[in-house]
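Coordinate inspection notes
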Amino acid sequence: MSKTRGKEAPMRRCIGCMESRPKDELIRMVYSQGRLTLDPDGKGEGRGVYLCPDGKCINKATKRNAFKRSVRGEVKADNLETILNELSAYNR
Ligand SMILES: [Zn+2]
């Protein structure tokens, strides 16, 4: 990876390990109208939530209730279940 093109990738914080990483290395989710959804294109409107594509971070975020906390709103149990299901596809 060369830096000659100038612009650095924006950094975002993973809600699992709380480390800042380049945005494009993280899974983006978006919280809008009371629902959290995966936002692979990064085009969703709403509050963005980021997570490493790593099972450890996914587990940490689940245990710490980080989804709910980071959206500052309600995440329903079935919603969370759907998200975790979809996230498991990213788990490496
Ligand atoms: Zn992480």
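To keep things clear, this report deals only with the structure shown in the data block. Being a predicted model, the structure only gives us computed values, none of them experimental.

Topic: the overall build of the protein chain
A tally of regular secondary structure across the protein chain gives three helices and five strands. Reading the secondary structure of the protein chain in the N-to-C direction produces β-β-β-β-β-α-α-α. A compact globule built from 92 residues should have a C-alpha radius of gyration of about 12 Å, and the protein chain, at 13 Å, falls within 12% of that. Dimensions of the protein chain, computed from C-alpha atoms along their principal axes, come out at roughly 45 × 25 × 20 Å. Out of the 92 residues in the protein chain, the part that is buried amounts to 30%.

What about unusual backbone geometry?
Even without being glycine, Gln33 reaches a positive phi, approximately 50°. Tracing the sequence through the fold places Gln33 in the loop between strand E3 (27–32) and strand E4 (35–38). On the basis of relative accessible area, Gln33 is assigned to the exposed category, the value being 81%. Located in the positive-phi region is Asn65, a residue other than glycine, with phi close to 60°. Along the chain, the position of Asn65 falls in the loop between helix H1 (55–63) and helix H2 (66–71). A residue is classified by how much of its surface remains accessible, and Asn65, at 42% relative accessible area, is partly exposed.

Things to note about the coordination of the zinc ion
Note on the zinc ion: its protein donors are Cys14 (SG), Cys17 (SG), Cys52 (SG) and Cys57 (SG). The metal-donor distances range over 2.3 Å. Each of the four donor atoms around the zinc ion contributes to a set of angles spanning 102 to 116°, which defines the coordination as tetrahedral. For the zinc ion, the donor residues sit on a single chain with the sequence spacing C-x2-C-x34-C-x4-C. Placement of Cys17 in the loop between strand E1 (11–13) and strand E2 (20–22) and of Cys52 in the loop between strand E5 (47–51) and H1 is noted, with a sequence separation of 35 residues between them. Overall, the relative accessible area of 1% leaves Cys52 in the buried class.

A look at H1
Within the sequence span of H1, burial applies to Gly55, Cys57, Ile58 and Ala61. The arc that holds every buried residue of H1, seen down its axis, measures 165°, which confines them to one face. In H1, the exposed positions angled more than 90 degrees off the buried face are occupied by Lys56 and Lys63. In this structure, the buried residues of H1 make contact with E5, H2 and helix H3 (77–87).

So, the side chain of Asp39
For Asp39, the position within the fold is in the loop between E4 and E5. For Asp39, a relative accessible area of 8% translates into the label buried. Within the structure, Asp39 has its side chain in polar contact with the backbone nitrogen of Gly44 (distance 2.9 Å).

Conventions adopted
Residues numbered from 1 in each chain as written. Predicted model: local features only at pLDDT ≥ 70, side-chain atom pairs only at ≥ 80, totals over all residues. Heavy atoms only, no water. Helix = DSSP H or I, 4+ residues; strand = E, 2+ residues; numbered from the N terminus. Rg over C-alpha atoms; globule rule 2.2 N^0.38 Å. Buried < 20%, exposed > 50% of the residue type's maximum accessible area, 1.4 Å probe, protein only. Donors = N, O, S within 2.8 Å, 3.2 Å for Na, K, Ca; no water. Tetrahedral: all angles 85-135°; square planar, octahedral: opposite > 155°, others 65-115°. Arc of directions from axis to C-beta. Contact = heavy atoms within 4.5 Å. Polar contact = N/O pair within 3.5 Å; in protein donor to acceptor, adjacent residues only side chain to side chain.

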